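Listed below, chain by chain, are the residues.
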Amino acid sequence: MRSLGSDEAKRARLVNDLKEEGIIRSRKVKDAMLAVNRELFMDIPLKTCAYLDRPLPIGSGQTISAPHMVAIMAEELLCKEGNRVLEIGSGSGYHAAVVSHLVGPEGHVYSIERVHELAMCAERNIDEAGIGNITIIEGDGSLGYPEKAPYDRIYYTCAAPEIPDRVMDQLADGGILLGVVGPSGGVQRLIRYTKEGERVKEERLTRCVFVPLIGELGY
Ligand code: SAM
């Protein structure tokens, strides 16, 4: 018999709360959030806090995103099995791990991180979690990652001043880009862009607060 304090039980409780709050809406996102052990993506002293619904430090002045934000973005990204995805800002690798479940073994997540230590850490975490469909790249994601374009889905985990054409051009026709757009250090907006031929449809979603995108086309 498992104790009620086990990580598995805490994860199930958190996912259930997110479902009751209407944040998790689909079976796919629920299963992905249940499948990923958040504690694997955190440093030892913070592992006991892994199922608190809040961002937590991961070193280099950065944070692992709060579970509710990862769940909101997972729902709004509308991933399909087999999608090729670009994540801008790997952090600990947790968010990429959740998305990797949504795209399944035929899909792939390319995740770019500018901080060397975090890129190494995300890669290690993903290996330890036994996930095979994520590639971590060290580099400036403000330029996207044209080497593996086009992507069916692109999402930012840090706040950009705007979404540059150079990144939008890396999105496949019919693809979706979830951007976090707004001031560094202020309240930003999650925006979903859908590419429809020459046109890009824009939907303004929830307000949010993320660390800034630092780089050539960032802050
Ligand atoms: N979602 C991640 C997780 O689950 O751990 C947390 C992402 S954290 C909120 C944002 C990340 O974006 C940080 O690791 C930061 O170093 C990274 N970042 C900021 N500017 C970047 C850039 N130009 N290219 C790549 N990563 C960048």
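> I would appreciate a short explanation of the overall build of the protein in the present structure.
Tallying secondary structure elements over the protein gives 6 helices and 9 strands in all. The C-alpha radius of gyration computed for the protein amounts to 16 Å, which stays within 12% of the reference 17 Å derived for 219 residues, consistent with globular compactness. When burial is assessed residue by residue, the protein has 52% of its 219 residues classed as buried. Contacts spanning at least 24 positions in sequence make up 56% of the contacts within the protein whose residues lie at least 6 apart. Looking at the protein as shown, the accessible area adds up to about 10,300 Å², and 50% of this sits on carbon and sulfur atoms. If you average the places of the 26 positive and of the 32 negative side-chain charges in the protein, the two averages end up 6 Å apart.

> So what exactly am I meant to see when it comes to the site of the ligand here?
As a structural note, the neighbourhood of the ligand is formed by 26 residues, with Ser92, Glu113, Asp140, Gly141 and Ile214 the closest of them. Within the side chain of Asp140, an N or O atom sits 2.9 Å from a nitrogen atom of the ligand. Considered on its own, the ligand offers 600 Å² of accessible surface; in the complex 99% of this is hidden by protein. Mapped by element, the contributors of at least two residues to the shell around the ligand are β2 (62-64), α4 (94-103) and β4 (108-113). Among the elements that take part in the shell around the ligand, β2 stands out by supplying 3 residues, more than any other.

> Explain the side chain of Gln170 here, please?
Among the secondary structure elements, Gln170 is positioned in the loop between α6 (165-168) and β7 (171-181). Taking relative accessible area as the criterion, Gln170 reaches 6% and is therefore assigned buried. Aside from chain neighbours lying at most four places away, what touches Gln170 is Leu86, Leu143, Gly144, Tyr145, Pro146, Ala149, Pro150, Tyr151 and Ile154.

> I would appreciate a short explanation of unusual backbone geometry in the present structure.
Apart from glycine, the bulk of residues carry a negative phi angle, and the bulk of peptide bonds sit in the trans form. Backbone torsion omega between Ala149 and Pro150 reads 5 degrees, so that peptide bond is classified as cis. The residue Ser60 is not glycine, and still its phi comes out positive at about 55 degrees. Its location among the elements puts Ser60 in the loop between β1 (56-59) and β2.

> Sorry if this is basic, but what is going on with helix α3 (residues 67-76) here?
A turn of α-helix holds 3.6 residues, and therefore any two residues three or four places apart point the same way. The buried fraction of α3 amounts to 9 of the 10 residues, a majority that puts the element mostly inside the structure. Regarding α3, the residues found buried are Pro67, Met69, Val70, Ala71, Ile72, Met73, Ala74, Glu75 and Glu76.

> For this particular structure, what's the right way to read the pairing of strand β3 (residues 84-88)?
In the case of a regular strand, side chains alternate between the two sheet surfaces. With 4 of its 5 residues buried, β3 lies for the most part within the structure. Pairing geometry for β3 and β4, over 5 bridges, is parallel. For Ile88, the partnering residue across the bridge sits in β4 and is Ile112. The parallel pair β3 and β4 is bridged by α4, and the resulting crossover is right-handed.

> What exactly am I supposed to notice about helix α2 (residues 27-35) here?
Every buried residue of α2 is listed here: Val29, Ala32 and Met33. Buried residues along α2 cover an arc of 95 degrees about the axis, so they all sit on one side. For α2, the elements touching its buried residues are α1 (7-20), α3 and α4.

> Teacher, can you tell me more about the sheet that holds β7 here?
Strand-to-strand pairing in sheets goes through backbone hydrogen bonds, with the strands running parallel or antiparallel. Taken in spatial order, the 7 strands line up as β5-β4-β3-β6-β7-β8-β9 in an open sheet, and their pairing is mixed. One side of each edge strand has no neighbouring strand; the edge strands of this open sheet are β5 (134-138) and β9 (199-208). Neighbour to neighbour, the strand axes of the sheet diverge by 15 degrees on average, direction disregarded. Seen against the sheet, α4 touches β3, β4, β5 and β6 (151-156) and runs at an angle of roughly 160 degrees to β4.

Quick notes on the rules
- Residues numbered from 1 in each chain as written.
- Predicted model: local features only at pLDDT ≥ 70, side-chain atom pairs only at ≥ 80, totals over all residues.
- Heavy atoms only, no water.
- Helix = DSSP H or I, 4+ residues; strand = E, 2+ residues; numbered from the N terminus.
- Rg over C-alpha atoms; globule rule 2.2 N^0.38 Å.
- Buried < 20%, exposed > 50% of the residue type's maximum accessible area, 1.4 Å probe, protein only.
- Contact = heavy atoms within 4.5 Å.
- Areas by Shrake-Rupley, 256 points an atom, 1.4 Å probe, with all protein chains shown as cover.
- Lys, Arg positive; Asp, Glu negative; His and termini not counted.
- Charge placed at Lys NZ, Arg CZ, Asp CG, Glu CD.
- Near = heavy atom within 4 Å.
- Polar contact = N/O pair within 3.5 Å; in protein donor to acceptor, adjacent residues only side chain to side chain.
- Pairing = 2+ DSSP bridges.
- Right-handed = clockwise from strand over helix to strand, strands pointing away.
- Arc of directions from axis to C-beta.
- Axes fitted to C-alpha atoms, helices over the stretch in contact; angles between N-to-C directions.

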